[in-house]
Amino acid sequence: MAKLSGKMRYLQAKKLHNNHARRLVTASALILVILLAIYLLPAIHLVTGLCLIAYQGLDEWCHLAIPLGIFPQKKIHYYTLGIQLGALAMGLITISQSTQIILQFIAPLGCALSYLYLQSSDKAQKSLGIWLIGLVLQSCGWYEAILLCQTNISLLVYLSLTTAVADTAGYYVGKNISLYTSKPWPLVSPSKTYEGSIAMCIMPILITLITAPHNISLSLYIGSLALLGDLFISSAKRLAHVKDCGSILPGHGGVLDRLDSHLMVWTMHGALRVFG
């Protein structure tokens, strides 16, 4: 029995090590490709790439609606295509009219509808409320990222890299340091620790002080927003009883598993720019 238990622990440790290795390889490859694209490709190609990533994220979010009981599996492709075309239409209207229609109109309306559904005692309506919030988050987040890609690429790089560092610090600190036995978010993300959450909030400030002290005001909210985005997607996955939103990125899962924190940071940066 002891030998069997020891073998199981060995296999679990090996699996965890392999997963960490895949995460590191995937993250390193993504950073290299993104940096090369930023410095070598014209802006139109970057915008096209971001649109393709956004479409993949919307596809994953629509498929998450199946276990949430919102969309039937047989017609999921029609719903997904409709939402993607709707997002494209809103983006084109926004660009052509030089307005902030997504942030000024769509986001408040979506949040209001989501709030009404969340107030319901029915589980299906609560699921719909969470899913609608996620749809608003993606619409605003991707829009802001694409806008910054065209107008202020250096700011987009700063926000994205700082958020990635916060996310990575939260993951590895949480995995390797555990001073408290209790968990801060047991109902939403049971594996997340106090140490990992604190690391996510502090790391952007430390990185900014070293690399870009003129952005210190931005760094004050990046960590907490990154944590909020992580917890939101985790809560949706937990409600849907799935581990990952997708499988396109080895060791990470889907696009939303990797960019959950980024979408929240991009969205709130856009909201502060428009309403602040």
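All chains use their own residue numbering, which begins from 1 and follows the written sequence. With pLDDT at 70 or above as the cut-off, local features in this predicted model cover only qualifying residues; side-chain atom pairs require 80 or more to be listed or tallied, and sums for whole chains, interfaces and linings still use all residues. Neither water nor hydrogens contribute to the side-chain values; these are computed over all heavy atoms in the structure.

**Describing the overall build of the protein**
Note on conventions: DSSP H or I runs of at least 4 residues are helices, E runs of at least 2 residues are strands, and numbering of each starts at the N terminus. Counting secondary structure elements, the protein contains 9 helices and 0 strands. In sequence order, the protein lays out its α and β elements as α-α-α-α-α-α-α-α-α. Relative to its 276 residues, the protein shows a buried fraction of 43%. We call two residues contacting when some pair of their heavy atoms lies within 4.5 Å. Within the protein, counting contacts between residues at least 6 apart in sequence, those at least 24 apart form 68% of the total. Surface accessibility of the protein: about 15,200 Å² in total, with carbon and sulfur atoms responsible for 70%. For every residue, the accessible area (1.4 Å probe, protein chains only) is compared with the maximum for its type, and the residue is labelled buried under 20%, exposed over 50%, or partly exposed between those bounds. Shrake-Rupley sampling with a 1.4 Å probe provides the accessible areas, and residues are treated as covered by the protein chains on show and by no other component.

**Some points on the confidence of the model for the protein**
pLDDT: the predictor's confidence for each residue, scored from 0 to 100. For the protein, per-residue confidence averages 79 on the pLDDT scale, and 79% of positions sit at 70 or higher. Between the elements of the protein, mean pLDDT differs from a low of 63, seen in helix H4 (residues 101–118), to a high of 91, seen in helix H7 (residues 194–211).

**Overview of the nonpolar core**
Ranked by internal contacts, the top residues of the largest apolar core, which has 51 residues, are Trp61, Trp131, Trp142 and Leu159. Elements that contribute at least two residues to this core include exactly helix H2 (43–64), helix H3 (76–97), helix H5 (123–151), helix H6 (153–176), helix H8 (216–240) and helix H9 (255–275). Here Trp142 is in contact with Leu50, Ile53, Ala54, Val255, Leu259, Leu263 and Trp266, once residues within four sequence places are set aside. We call a set of buried residues a nonpolar core when its members are Ala, Val, Leu, Ile, Met, Phe, Trp, Tyr or Cys and they connect through side-chain atoms within 4.5 Å of each other.

**Some remarks on the pattern of salt bridges**
Two side chains carrying opposite charge are able to pair once their charged atoms lie near each other. We define a salt bridge as a side-chain nitrogen of Lys or Arg found within 4 Å of a carboxyl oxygen belonging to Asp or Glu. Under the counting rule described, the total for this entry stands at 5 salt bridges. The closest approach of N and O atoms between Arg273 and Glu144, which form a salt bridge, is 2.5 Å. Note that Arg273 is positioned in helix H9 and Glu144 in helix H5, a separation of 129 residues in sequence. You can call Glu144 buried: its relative accessible area is 0%.

**Some remarks on H9**
Taking 1.5 Å per residue, 21 residues should reach 30 Å; H9 reaches 28 Å between its end C-alpha atoms and fits that length. Along H9, the sharpest kink reaches roughly 40°, centred on Ser261. Among the 21 residues of H9, 15 are classified as buried, and the element is accordingly described as predominantly covered. Under the convention used throughout, the expected extent of a helix is 1.5 Å for every residue step, that is, one less than its residue count. We define the bend at each residue as the angle formed by axes fitted to the 7 residues ending at it and the 7 residues starting at it.

**Overview of the side chain of Asp260**
With respect to the secondary-structure elements, Asp260 resides in helix H9. Charge assignment: positive for Lys and Arg, negative for Asp and Glu; neither His nor the chain ends contribute. Here Asp260 occupies a buried position and makes no salt bridge, while the nearest side chain of opposite charge, Lys237, is found at 5.6 Å. Those residues in contact with Asp260 that sit more than four places away from it in its chain are Asp167, Gly229, Asp230 and Ile233.

**Thoughts on the packing of H2 against H5**
Each axis is a line fitted through C-alpha atoms, and for a helix only the stretch in contact is used; angles between axes span 0 to 180 degrees, taken between their N-to-C directions. The contact between H2 and H5 brings their axes to 9 Å, and the two run at 175°. Relative to H5, H2 is oriented roughly antiparallel. The segment H2 lies against H5, with Ala43, Leu46, Val47, Leu50, Cys51, Ile53, Ala54, Gly57, Leu58, Trp61 and Cys62 engaging Ile130, Trp131, Gly134, Leu135, Gln138, Trp142, Ala145, Ile146, Cys149 and Gln150. Roughly parallel means an angle under 35 degrees; roughly antiparallel means over 145; roughly perpendicular covers 65 to 115; every other angle is labelled oblique.

**Here's the deal with the environment of Gly223**
Within the secondary structure layout, Gly223 lies in helix H8. Placed 59 residues apart in sequence, Gly223 and Ala164 show a C-alpha to C-alpha distance of 9.9 Å. In this view, Gly223 contacts Met200, Cys201 and Pro204; residues no more than four positions away in its chain are not counted.

**Focus: the packing of aromatic side chains**
For Phe, Tyr and Trp, where Trp contributes only its six-membered ring, two rings pair if their centres lie within 6.5 Å, and the inter-plane angle classes them as stacked under 30 degrees, edge-to-face over 60, or tilted in between. This model, assessed by the stated rule, comprises 5 aromatic pairs. Ring centres of Phe71 and Trp131 lie 5.1 Å apart, and the angle between their planes is 75°; on these two criteria the pair is classed as edge-to-face. Highlighted residues: Phe71 in the loop between H2 and H3 and Trp131 in helix H5, separated in sequence by 60 residues. Residue class for Trp131 comes out buried when judged on its relative accessible area of 3%. Between Tyr171 and Tyr172, the ring centres sit 4.9 Å apart and the planes meet at 90°, which makes this aromatic pair edge-to-face.

**A few points about the packing of H5 against H6**
The interhelical angle for the contact between H5 and H6, taken along N-to-C directions, is 135°, at an axis separation of 6 Å. Comparing their axes, H6 and H5 come out oblique. Where H5 approaches H6, its residues Ala145, Leu148, Cys149 and Thr151 are matched on the opposing element by Ile153, Leu155, Leu156 and Leu159. Gly falls in the polar group here, along with every residue not listed as nonpolar (Ala, Val, Leu, Ile, Met, Phe, Trp, Tyr, Cys, Pro) or charged (Asp, Glu, Lys, Arg). Of the residues in the contact of H5 with H6, the class split is 7 nonpolar, 1 polar and no charged.

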